[in-house]
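Now for the letters of each chain:
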Amino acid sequence: MEIQILAIPYDSGNRGVRMGAGPEALLDAGLAQALRDNGHRVHVKIAELPRSSWHAEIQTGFELMRMVSAAVREARDSNRLPIVVAGNCNTSVGTVAGLGADSVGVIWFDAHADFNTPETTTSGFLDGTAVATLTGRCWTQLAATVPGFKPISDSRVCLVGTRDIDALERELVDQSNVRVVAPPQLRSVFRQALNSMNEHVEQAYVHLDLDVLDSDVATANNFAVAGGLTLDDMDYALSQIGAMLRISAVSLTAYDPTADRNSAAATAAIHLVSTAATLASQA
């Protein structure tokens, strides 16, 4: 399979620090080579914002989304699987836009719901509004500037491994029709959730925020929490997706190499991306 890695080395508008250091660290750790070893032809592109420009977080976040949308569309037009390796989860808006928001379902592996809006967030972290933006709950004017973006319906979104949700954010999730599969429910209800999604979508975007893993398995970043998924859980979940849906894009986000003291998170990241790519190639 032809694969296009799109590395987005930014976290909150800052290049190469905290989770923004993750994409290039994973490339240095052998991500592209692991995919080549599995028989794929791999191309790598690294996003760069003009160094002389002012990098306000919201402005920069949406500029990166626009860049990702164009790059994903170009990859698909070249029959390449886009794999977005990014500091922040909000690049997902660009990925979905580049795929074609009308037909895509989002399977969102993350410890966090990312369902805050500017009215509910207490941290002010733009990245915590990613799924709310995807589903049209906030940043509607800026999201409309991302080429190809349209809000996706709740029925086409499934949050998996989610367990750390703010109080006001929880109210929004509970009021929505987004499916949430908590870690203990994975093997009992995940397949049912995929069956339901399969009725509404033609393709799947698999979003892998690395802190979906239990913090005892790997510490992906400073937001990592206990009670998450194991690698066996992830292999099971990815195999179910591959058996039921066509994987059209994959993202790996939120890896902070300074939090990964024993390289377990980097190893897990490469394994998960490689597994997802293999499943995509078999569709």
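The structure presented is a predicted model; accordingly, all values stated were derived computationally and were not measured.

### Quick word on the overall build of the protein
Line of reasoning, step 1. Along the backbone of the protein there are 10 helices and 10 strands.
Line of reasoning, step 2. Here the protein has a C-alpha radius of gyration of 17 Å; the compact-globule value for 283 residues is 19 Å, and the two agree.
Line of reasoning, step 3. Overall size of the protein, expressed as C-alpha extent along the three principal axes, is 40 × 40 × 40 Å.
Line of reasoning, step 4. Taking all 283 residues of the protein together, the buried fraction comes to 57%.

### Details of the layout of surface pockets
Line of reasoning, step 1. A volume near 300 Å³ is recorded for the largest pocket.
Line of reasoning, step 2. Contributing to the lining of the largest pocket are 19 residues, with His112, Asp114, Phe125, Gly128 and Phe223 lying nearest its centre.
Line of reasoning, step 3. Here the lining of the largest pocket is composed, by residue class, of 5 nonpolar, 6 polar and 8 charged.

### Points about the packing of aromatic side chains
Line of reasoning, step 1. Across all of its chains, the model carries 3 aromatic pairs by this definition.
Line of reasoning, step 2. Centre to centre, the rings of Phe125 and Phe223 are 5.7 Å apart; their planes meet at 20°, and the pair counts as stacked. One end of the pair, Phe125, is in the loop between strand 6 (104-109) and helix 5 (130-134); the other, Phe223, is in the loop between strand 9 (203-209) and helix 9 (231-244), and 98 residues separate them in sequence.
Line of reasoning, step 3. The class of Phe125 is buried, set by a relative accessible area of 19%.

### Regarding the state of the cysteines
Line of reasoning, step 1. Enumeration over the complete set of coordinates arrives at 0 disulfides.
Line of reasoning, step 2. Here Cys138 is not disulfide-linked; the sulfur of Cys89 is the nearest cysteine sulfur, at 14 Å.
Line of reasoning, step 3. Here Cys138 falls in the buried class, since its relative accessible area comes to 5%.
Line of reasoning, step 4. Of all cysteine sulfurs, the one in Cys89 lies closest to Cys158, which takes part in no disulfide; the gap is 15 Å.
Line of reasoning, step 5. In this structure Cys158 comes out as buried when scored by relative accessible area, which is 2%.

### Quick notes on the environment of Glu202
Line of reasoning, step 1. Counting through the fold element by element, Glu202 comes out in the loop between helix 8 (186-198) and strand 9.
Line of reasoning, step 2. Look at Glu202 and you get exposed, because its relative accessible area is 60%.
Line of reasoning, step 3. In this structure the C-alpha to C-alpha distance between Glu202 and Gln185, which are 17 residues apart in sequence, comes to 25 Å.
Line of reasoning, step 4. Residues in contact with Glu202, not counting those within four places in the same chain, are Ser103 and Arg246.

### Details of the packing of helix 8 against helix 9
Any two packed helices are characterised by the angle at which their axes cross and by the distance between the axes.
Line of reasoning, step 1. The contact between helix 8 and helix 9 brings their axes to 10 Å, and the two run at 25°. Relative to helix 9, helix 8 is oriented roughly parallel. For the pair helix 8 and helix 9, the crossing hand works out as right-handed. Contacts between helix 8 and helix 9 pair Leu186, Arg187, Phe190, Arg191, Leu194, Asn195 and Asn198 from the former with Asp232, Asp233, Tyr236, Ala237, Gln240, Ile241 and Met244 from the latter.
Line of reasoning, step 2. Its residues assigned to classes, the contact of helix 8 with helix 9 comprises 7 nonpolar, 3 polar and 4 charged.

### Points about unusual backbone geometry
Line of reasoning, step 1. Residue Ala254 is not a glycine yet carries a positive backbone phi of 70°.
Line of reasoning, step 2. Here Ala254 shows up in the loop between strand 10 (247-253) and helix 10 (264-281).
Line of reasoning, step 3. Overall, Ala254 belongs to the buried group, its relative accessible area being 2%.
Line of reasoning, step 4. One non-glycine residue, Ser263, lies in the positive phi region at around 65°.
Line of reasoning, step 5. Tracing the sequence through the fold places Ser263 in the loop between strand 10 and helix 10.
Line of reasoning, step 6. Overall, Ser263 belongs to the partly exposed group, its relative accessible area being 42%.

### Notes on the nonpolar core
Burial of nonpolar side chains together is a common tendency in soluble globular proteins.
Line of reasoning, step 1. Counting 56 residues, the largest nonpolar core has Ile107, Phe109, Phe190 and Ile241 as the members making the most contacts within it.
Line of reasoning, step 2. Considering every element that reaches this core, the biggest residue donor is helix 10, with 11 residues.
Line of reasoning, step 3. Setting aside its immediate chain neighbours within four residues, Ile107 contacts Cys158, Val160, Phe190, Leu194, Met197, Ala204, Tyr205, Val206, His207, Ile241 and Leu245.
Line of reasoning, step 4. With 37 residues, the next largest nonpolar core counts Met65, Val84, Val96 and Phe115 among its residues.

Rules behind the numbers
Residues numbered from 1 in each chain as written. Predicted model: local features only at pLDDT ≥ 70, side-chain atom pairs only at ≥ 80, totals over all residues. Heavy atoms only, no water. Helix = DSSP H or I, 4+ residues; strand = E, 2+ residues; numbered from the N terminus. Rg over C-alpha atoms; globule rule 2.2 N^0.38 Å. Buried < 20%, exposed > 50% of the residue type's maximum accessible area, 1.4 Å probe, protein only. 1 Å grid on protein atoms, 1.4 Å probe; cavity = no way out; pocket = protein on both sides within 12 Å on 5 of 7 lines; lining within 4 Å. Points joined across faces, edges and corners; volume = space filled by probe spheres on them. Nonpolar A, V, L, I, M, F, W, Y, C, P; charged D, E, K, R; others polar. Phe/Tyr/Trp six-rings, centres within 6.5 Å; stacked < 30°, edge-to-face > 60°. Disulfide = S-S within 2.5 Å. Contact = heavy atoms within 4.5 Å. Axes fitted to C-alpha atoms, helices over the stretch in contact; angles between N-to-C directions. Parallel < 35°, antiparallel > 145°, perpendicular 65-115°, else oblique. Left-handed = near helix turned anticlockwise from the far one by under 90°. Core = buried A, V, L, I, M, F, W, Y, C linked by side-chain atoms within 4.5 Å.

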